[in-house]
Amino acid sequence: MDRLIEAIENAQNPSVVGLDPTEALVPPQVVASFADEVRDSVEDENELPAAQLAVAYFEFNRAIIDAVADIVPAVKPQIAMYEALGPAGIDVYTMTCEYAQQQGLYVLGDIKRGDIGSTAAAYAGHLSGVGAGETAYDPWHEDAVTVNPYLGTDGITPFVDAAAAHDKDVFVLVRTSNPSSKELQELDLAGGGKLYEHVADLVEGWGEPTRGERGYSRVGAVVGATHPEEGAALRERMPHTFFLVPGYGAQGGTAAGVAGMFDKDGSGAIVNSSRGIIGAWKKTGAWNESMSADQALDLVASAARDAAADMRDDLRVSVYR
Ligand SMILES: O=c1ccn([C@@H]2O[C@H](COP(=O)(O)O)[C@@H](O)[C@H]2O)c(=O)[nH]1
């Protein structure tokens, strides 16, 4: 986690921009502008819509990354949005991750994997790449990934081992931001405490052998911005676990609400906003259908930069107090 902490300190900004493109979030003229280019590249007409959207997603992401790279430390591409497009989407996911790393950003791949140990070992290829030594190949370009702890220790260990071997990190779902999270995570355990508290203790333990110079381990926790009190209690309970905090903005989380998830030095957490930043252009009232694709991308970029700067300033007031 030391690299992420350093990037946050350099930017004085504990926030991460979520790259979750959907058809509704990309200006239509951007998608339309790739129709001809894509038609020549697909073998089957049926592939056209996915291929066209995929190219549009990449240009959309690139405009946003260029606009925010000097003010945020990290991006979090959500792989679901890309997987939804099939192979063309997966290509654009990896291209986005690579481009973001090239711009100096820490890339947190939101892949939420979880399976039995032997399969988890294959998923851990997201962090370890393919092969070893000089011929090692990293197709994913991720600095960290999210994982689901539901299968227990053997589903997590391959990710932790890969993270330790490749100077990367893992974020484990502990207290997720969504309304239904209470159905499982708030269950009372026979021995006392809630299920998510037990997961929190496991996460702190999984990370223990990987503690870095800044006191945080390579095994972080996902804690929703929509649970301010529980997040603050988890901060106390998990002193060596860095938090990824989604749910700010579109899901109702606030800077005041997440303040307790940071440590006394204003470190220990990074807050995500996806739709609030990449969809900010829709709220400006400046878009119109006669704009060119380039003009629309300029609007996306400037609105994203303004929204990212507002979020940074908002967090600075509450966190760097
Ligand atoms: O508990 C969780 C875990 C992950 N997420 C992901 O974060 C972003 C949030 O997007 P917004 O548009 O800022 O709401 C998205 O990729 C989720 O899958 C989460 O929200 N909560």
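Residues numbered from 1 in each chain as written. Predicted model: local features only at pLDDT ≥ 70, side-chain atom pairs only at ≥ 80, totals over all residues. Heavy atoms only, no water.

Draft legend 1. Quick peek at the UniProt feature "active site" (unreviewed entry) in the protein. The UniProt record marks Lys-112 with the feature "active site" (unreviewed entry), using the residue numbering of this structure. Structurally, Lys-112 can be placed in strand S3 (residues 106–113). Using a relative accessible area of 38% as the deciding quantity, one classes Lys-112 as partly exposed. Non-local contacts of Lys-112, meaning those with residues more than four positions away in its chain, are made with Gln-78, Thr-146, Val-147, Asn-148 and Leu-173. Within the structure, Lys-112 has its side chain in polar contact with the side chain of Asp-110 (distance 2.8 Å). (UniProt positions renumbered as here; feature names shortened; annotations may be inferred. Helix = DSSP H or I, 4+ residues; strand = E, 2+ residues; numbered from the N terminus. Buried < 20%, exposed > 50% of the residue type's maximum accessible area, 1.4 Å probe, protein only. Contact = heavy atoms within 4.5 Å. Polar contact = N/O pair within 3.5 Å; in protein donor to acceptor, adjacent residues only side chain to side chain.)

Draft legend 2. Summary view of the pattern of salt bridges. Summed over all chains, the structure comprises 20 salt bridges. For the salt bridge of Arg-218 with Asp-169, the shortest nitrogen-to-oxygen distance reads 3.8 Å. Taken together, the positions of Arg-218 in the loop between helix H11 (195–207) and strand S6 (219–223) and Asp-169 in strand S5 (residues 169–175) put the pair 49 residues apart, joining distant regions of the chain. Its relative accessible area of 2% is what places Asp-169 among the buried residues. In this structure, a network of salt bridges that share partners links the residues Arg-3, Asp-143, Asp-167, Asp-169 and Arg-218. (Salt bridge = Lys/Arg side-chain N within 4 Å of Asp/Glu carboxyl O.)

Draft legend 3. Here's a closer look at the pairing of strand S4 (residues 144–147). Burial along S4 is two-sided: Ala-144 and Thr-146 facing one way and Val-145 and Val-147 facing the other are all buried. Alignment of S3 against S4, held across three bridges, turns out to be parallel. Paired with Arg-113 across the strands is Val-147, a residue of S4. Taking the sense of rotation as the criterion, the β-α-β connection linking S4, helix H9 (residues 153–166) and S5 turns out right-handed. (Pairing = 2+ DSSP bridges. Right-handed = clockwise from strand over helix to strand, strands pointing away.)

Draft legend 4. A look at the packing of H11 against helix H12 (residues 228–237). Here H11 crosses H12 at 35°, and the two axes come no closer than 10 Å. Here H11 runs over H12; the crossing is right-handed. For the pair formed by H11 and H12, the contact residues are Tyr-196, Glu-197, Ala-200 and Asp-201 on the first element and Glu-230, Leu-234 and Arg-237 on the second. Class assignment of the residues belonging to the contact of H11 with H12 gives a composition of three nonpolar, no polar and four charged. (Axes fitted to C-alpha atoms, helices over the stretch in contact; angles between N-to-C directions. Left-handed = near helix turned anticlockwise from the far one by under 90°. Nonpolar A, V, L, I, M, F, W, Y, C, P; charged D, E, K, R; others polar.)

Draft legend 5. Region of the structure containing the layout of surface pockets. For the largest pocket, the calculated volume is near 800 Å³. Lining of the largest pocket is provided by 38 residues; of these, Lys-112, Leu-173, Thr-176, Ser-177 and Asn-178 occupy positions nearest its centre. Broken down by secondary-structure element, the contributors of at least two residues to the lining of the largest pocket are S3, S5, helix H10 (182–185), H11 and strand S8 (269–273). Here the element with the most residues in the lining of the largest pocket is H11; it accounts for five residues. Grouping the amino acids of the lining of the largest pocket by side-chain chemistry returns 16 nonpolar, 16 polar and six charged. Here the second largest pocket defines a volume of roughly 260 Å³. Along the wall of the second largest pocket there are 15 residues; nearest its centre are Arg-275, Gly-276, Ile-277, Ala-280 and Lys-283. Broken down by secondary-structure element, the contributors of at least two residues to the lining of the second largest pocket are helix H14 (275–278) and helix H15 (293–319). Across the lining of the second largest pocket, the residue classes tally to seven nonpolar, four polar and four charged. (1 Å grid on protein atoms, 1.4 Å probe; cavity = no way out; pocket = protein on both sides within 12 Å on 5 of 7 lines; lining within 4 Å. Points joined across faces, edges and corners; volume = space filled by probe spheres on them.)

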